[in-house]
Amino acid sequence: WSTWSMRPWLALHRAGAAFEEIRIPLRQDSVTTEAIMAAGSPSGLVPVLIDGDLVLHDSQAICEYLAERFPAAKLWPDDVAARALARAAAAEMPAGFLPVRRDLSMDVGARHEVEIGEETATSVRRIVTLWRDMIGRFGGPFLAGPDWGNADAFFTPAATRFVTYGAALTTSGDDGTAAAY
């Protein structure tokens, strides 16, 4: 359920990092969930990465940390422009796209048909444009070039939402690039 946990989880796998995953039952009894999260998270939220005495509780911070700890994983591209735009794209996710996050909740295994309102459609158009522009500029198949990285981790939940809700990306300006991504 947690898109914010999914992002560093994907980056951890990409990096080949050994880690212990502790599953927390979300969308359950809130008292139990909050108690479990508070036990290991300074913010009381997920995700949390504990590495020795370091406790990180933010998706972006965790992904940045992993990029530094595991440079061979190429979580950020080597090219300066690609790296800058990939970071900007990843930063746009927590700062924007609230209508998508609100109206198209994460549920990887489900399939729903919903009517997408104009506010959400505007966010979908922005995501499609961002994907199309980055893949076009850097040659794909991933957002910043040939290697899957942190920018892709930040947009994987959006991609799963588009599948879950059957979003017709062509009505949002897709020329096939976003759907293929």
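Trainee: What exactly am I supposed to notice about the environment of Ser105 here?
Mentor: Along the chain, the position of Ser105 falls in the loop between α5 (98-103) and α6 (118-138). Judged by relative accessible area, which is 26%, Ser105 ranks as partly exposed. For the pair formed by Ser105 and Trp9, sequence separation is 96 residues and the distance between their alpha carbons is 19 Å.

Trainee: For this particular structure, what's the right way to read helix α4 (residues 80-95)?
Mentor: In an α-helix, one turn spans 3.6 residues; hence positions three or four apart end up facing the same way. Helix length check: α4, at 16 residues, gives a terminal C-alpha distance of 22 Å against a target of 22 Å (1.5 Å per residue), a fit within 8%. Taken together, the buried positions of α4 are occupied by Ala82, Ala86, Ala89, Ala90 and Met93. Down the axis of α4, the buried set is contained in an arc of 95°. They therefore lie on one face. Residues Val80 and Ala95 are exposed on α4 and point more than 90 degrees away from its buried face. Of the surrounding elements, those touching the buried residues of α4 are α1 (3-15), α3 (59-69), α5, α6 and α7 (150-164).

Trainee: Explanation requested: the packing of α4 against α7 in the structure shown.
Mentor: Orientation of α4 relative to α7, taken along the N-to-C sense of each, is 35°, at an axis distance of 8 Å. The hand of the α4/α7 crossing is left-handed. Residues Ala86, Ala89, Ala90, Met93 and Pro94 of α4 pack against Ala151, Phe154, Phe155 and Ala158 of α7. Of the residues assigned to the contact of α4 with α7, the class counts are 9 nonpolar, no polar and no charged.

Trainee: Is there a simple way to explain the pattern of salt bridges in this structure?
Mentor: Should the charged atoms of two oppositely charged side chains come close, the side chains can pair. Within this structure, the stated rule accounts for 8 salt bridges. Notably, a salt bridge pairs Arg102 with Asp103, separated by 2.8 Å at the nearest N-O pair. Given the relative accessible area of 43%, Arg102 is considered partly exposed. Overall, Asp103 belongs to the partly exposed group, its relative accessible area being 37%. The closest approach of N and O atoms between Arg125 and Glu118, which form a salt bridge, is 2.6 Å. Arg125 gets classed as partly exposed once you look at its relative accessible area, which sits at 30%. Salt bridges linked by common partners bring Arg102, Asp103 and Glu119 together as one network.

About the thresholds
Residues numbered from 1 in each chain as written. Predicted model: local features only at pLDDT ≥ 70, side-chain atom pairs only at ≥ 80, totals over all residues. Heavy atoms only, no water. Helix = DSSP H or I, 4+ residues; strand = E, 2+ residues; numbered from the N terminus. Buried < 20%, exposed > 50% of the residue type's maximum accessible area, 1.4 Å probe, protein only. Expected span 1.5 Å × (residues − 1). Arc of directions from axis to C-beta. Contact = heavy atoms within 4.5 Å. Axes fitted to C-alpha atoms, helices over the stretch in contact; angles between N-to-C directions. Left-handed = near helix turned anticlockwise from the far one by under 90°. Nonpolar A, V, L, I, M, F, W, Y, C, P; charged D, E, K, R; others polar. Salt bridge = Lys/Arg side-chain N within 4 Å of Asp/Glu carboxyl O.

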